[in-house]
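Secondary and tertiary structure notes
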Amino acid sequence: MGEICVVDISVIGLHNIEPTEKDFRKVGTELSLAFSQIGFVYLTGHGIVEDVIDDAMQVSKEFFELEEGEKSSISRPSPLSRDGWVSQGRETFTKKGEALVHEFREAFDINGFDEDSRFPENLPKFKTNLLELAHRALNLAERLLRCISLALGKPENFFPSLHSRILGGKNASALRTLYYPAIQGAPLEGHVRCSEHSDYGTFTLLFQDQYPGLEVKSPSGHWVSAKPIPGTILVNIGDLLEMWTGGRFPATKHRVIIPEEEFLKSVPRQSIVFFVHPDNQVVVEPVDDDAKDYSAVLALDHVQKRFAETYQF
């Protein structure tokens, strides 16, 4: 095993106005099998239309192509802040004591869409297009949380009730749009687009463009290409769901490499991710009393620790 499964979730997709518990349970069973193998899965039949994803990608590209001075005026100011632009080199996943590696990427993080959130003033569609995608991603995430609740033998509303404030404050969930700039010539040894890491929260929804580069570490330790499949969303398990499941669903390490092919290096690569986290004050501990390898942790404490480890200020 080690390949990433494709699961059709049409019965609970957003085009289905009111899925039944039977529908959620069916998908939950299939997701449970896929997640337990490698912690990643491709979803088809999700119901988020391609135009919404394309519009969010296009306006993101327009933002990242702005002059640095315009982007820096709305930078993410500290590791514990949640909104704003993240310049190249600001975030690194190299561990303490290791040589720092330059990571060729920049990002814009959105933790909410209220009046306190900052957006580029000269790109009004930036907020509009990303808000549209965020709403749909949130609706899909809530349905997936129901599936996972049932798959773990819990009531359907178990996980949704612990994720009640997504994008509404007191919750670390975020929509992140990512940009990997074109690379001309041979990069220096050790430089990457994104170093090996796991995600911090419950799970992540990933929207990829057409260019490869994402790799997933299989249980045997070899790297598997998570190449884009048109019409799919890639989902991966985060640290906190690994804890909740006592390791049954692993928070698999992944990275974004610089392709060897000159054409793929010389074009920008984009993705948009929706990080799903529990509410800040949720205590995360294994749902199975027999899982002894994971200690209880406060959701907010875990994410703040991970941010402090990865952001360079």
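As shown above, the structure is provided for reference.
Residues numbered from 1 in each chain as written. Predicted model: local features only at pLDDT ≥ 70, side-chain atom pairs only at ≥ 80, totals over all residues. Heavy atoms only, no water.

Structural notes on empty space enclosed by the protein
All told, the structure shown has 2 cavities of 30 Å³ or more when counted by the stated rule. Approximately 430 Å³ is the volume found for the largest cavity. Taken together, 32 residues make up the lining of the largest cavity; nearest its centre are Arg 176, His 197, Asp 199, Val 273 and Phe 275. Residue classes in the lining of the largest cavity are distributed as 15 nonpolar, 8 polar and 9 charged. (1 Å grid on protein atoms, 1.4 Å probe; cavity = no way out; pocket = protein on both sides within 12 Å on 5 of 7 lines; lining within 4 Å. Points joined across faces, edges and corners; volume = space filled by probe spheres on them. Nonpolar A, V, L, I, M, F, W, Y, C, P; charged D, E, K, R; others polar.)

Considerations on the sheet that holds strand β11 (residues 254-256)
One open sheet accounts for 4 strands, arranged β6-β11-β8-β9; its pairing is antiparallel. Taken across any chain shown, the strands that pair with only one partner, and hence form the sheet edges, are β6 (194-197) and β9 (223-225). Averaged over neighbouring strand pairs, the angle between their axes works out to 20° when direction is ignored. Note: strand β8 (residues 214-217) against β11, 3 bridges, orientation antiparallel. Bridged to Leu 214 within β11 is Val 256. (Pairing = 2+ DSSP bridges. Helix = DSSP H or I, 4+ residues; strand = E, 2+ residues; numbered from the N terminus. Axes fitted to C-alpha atoms, helices over the stretch in contact; angles between N-to-C directions.)

Brief notes about the pattern of salt bridges
What the rule picks out here adds up to 14 salt bridges. Across the pair Glu 21 and Arg 25 runs a salt bridge, and its minimum N-O distance is 2.7 Å. Residue Glu 21 and its partner Arg 25 are located together in helix α1 (residues 21-38), separated by 4 residues, close to a single helical turn. Bridged by salt links that share partners, the residues Asp 239, Lys 305, Arg 306 and Glu 309 form one connected network. (Salt bridge = Lys/Arg side-chain N within 4 Å of Asp/Glu carboxyl O.)

Regarding the sheet that holds strand β2 (residues 40-44)
Pairing within the open sheet is mixed, and its 8 strands lie in the order β1-β2-β10-β7-β12-β5-β4-β3. Unpaired on one side and paired on the other, β1 (5-8) and β3 (84-86) mark the two borders of the sheet. For this sheet, the mean inter-axis angle between neighbouring strands, taken without regard to orientation, is 25°. Note that β2 and strand β10 (residues 233-237) share 4 bridges and pair antiparallel. Within β10, the position partnered with Phe 40 by the bridge is Asn 236. The strands touched by helix α2 (residues 50-64) within the sheet are β3, β4 (106-110), β5 (174-180), β7 (203-208) and β12 (269-276), with β12 carrying the most contacts at an inclination of about 115°. Sitting on the sheet, helix α4 (residues 124-151) is in contact with β2, β4, β5, β7, β10 and β12, with an inclination near 135° to β7. (Contact = heavy atoms within 4.5 Å.)

Some words on the nonpolar core
Of all hydrophobic cores here, the largest spans 63 residues; its most connected members are Leu 205 and Phe 207. In terms of residue count, the dominant contributor to this core is α4 (12 residues). Residue contacts for Phe 207: discarding those within four places in its chain leaves Ile 48, Ile 53, Met 57, Leu 133, Ala 137, Ile 233, Ser 271 and Ile 272. If you look at the next biggest cluster of nonpolar residues, it comprises 16 residues, including Leu 178, Tyr 180, Leu 206 and Ala 226. (Core = buried A, V, L, I, M, F, W, Y, C linked by side-chain atoms within 4.5 Å. Buried < 20%, exposed > 50% of the residue type's maximum accessible area, 1.4 Å probe, protein only.)

Digging into the pairing of β4
Here β4 lies mainly inside the structure; 5 of its 5 residues are buried. Here β4 shows no split at all, with Glu 106, Phe 108 and Ile 110 on one side and Ala 107 and Asp 109 on the other all buried. As paired strands, β4 and β5 are joined by 5 bridges and run antiparallel to one another. By the bridge assignment for β5, Ile 110 is matched with Leu 175.

Focus on the environment of Leu 214
Inspection of the secondary structure puts Leu 214 in strand β8. Every residue in contact with Leu 214, bar those within four places of it in the chain, is listed here: Leu 206, Gln 208, Val 224, Ser 225, Ala 226, Leu 234, His 254, Arg 255, Val 256 and Arg 269.

Section: the side chain of His 277
Mapped onto the elements, His 277 comes out in the loop between β12 and β13 (283-284). Leave out the neighbours within four places in its chain, and His 277 touches His 163, Ile 166, Asn 171, Ala 172, Ser 173, Tyr 200, Gly 201, Thr 202 and Val 303.

Description of the layout of surface pockets
The volume enclosed by the largest pocket comes to roughly 440 Å³. Together, 21 residues line the largest pocket, and Asp 54, Met 57, Gln 208, Asp 209 and Gln 210 are the ones closest to its centre. By residue number, the principal contributor to the lining of the largest pocket is α2, which donates 6 residues. Looking at the lining of the largest pocket, its residues break down into 11 nonpolar, 6 polar and 4 charged.

Some words on the state of the cysteines
Under the definition given, this model contains 0 disulfides. Sulfur of Cys 5: no disulfide; nearest cysteine sulfur belongs to Cys 147 and is 16 Å away. The exposure class of Cys 147 is buried, given its relative accessible area of 0%. (Disulfide = S-S within 2.5 Å.)

With respect to the side chain of Arg 176
Note that Arg 176 resides in strand β5. Here Asp 109 takes part through its side chain, which lies 2.5 Å from a polar atom of the side chain of Arg 176. (Polar contact = N/O pair within 3.5 Å; in protein donor to acceptor, adjacent residues only side chain to side chain.)

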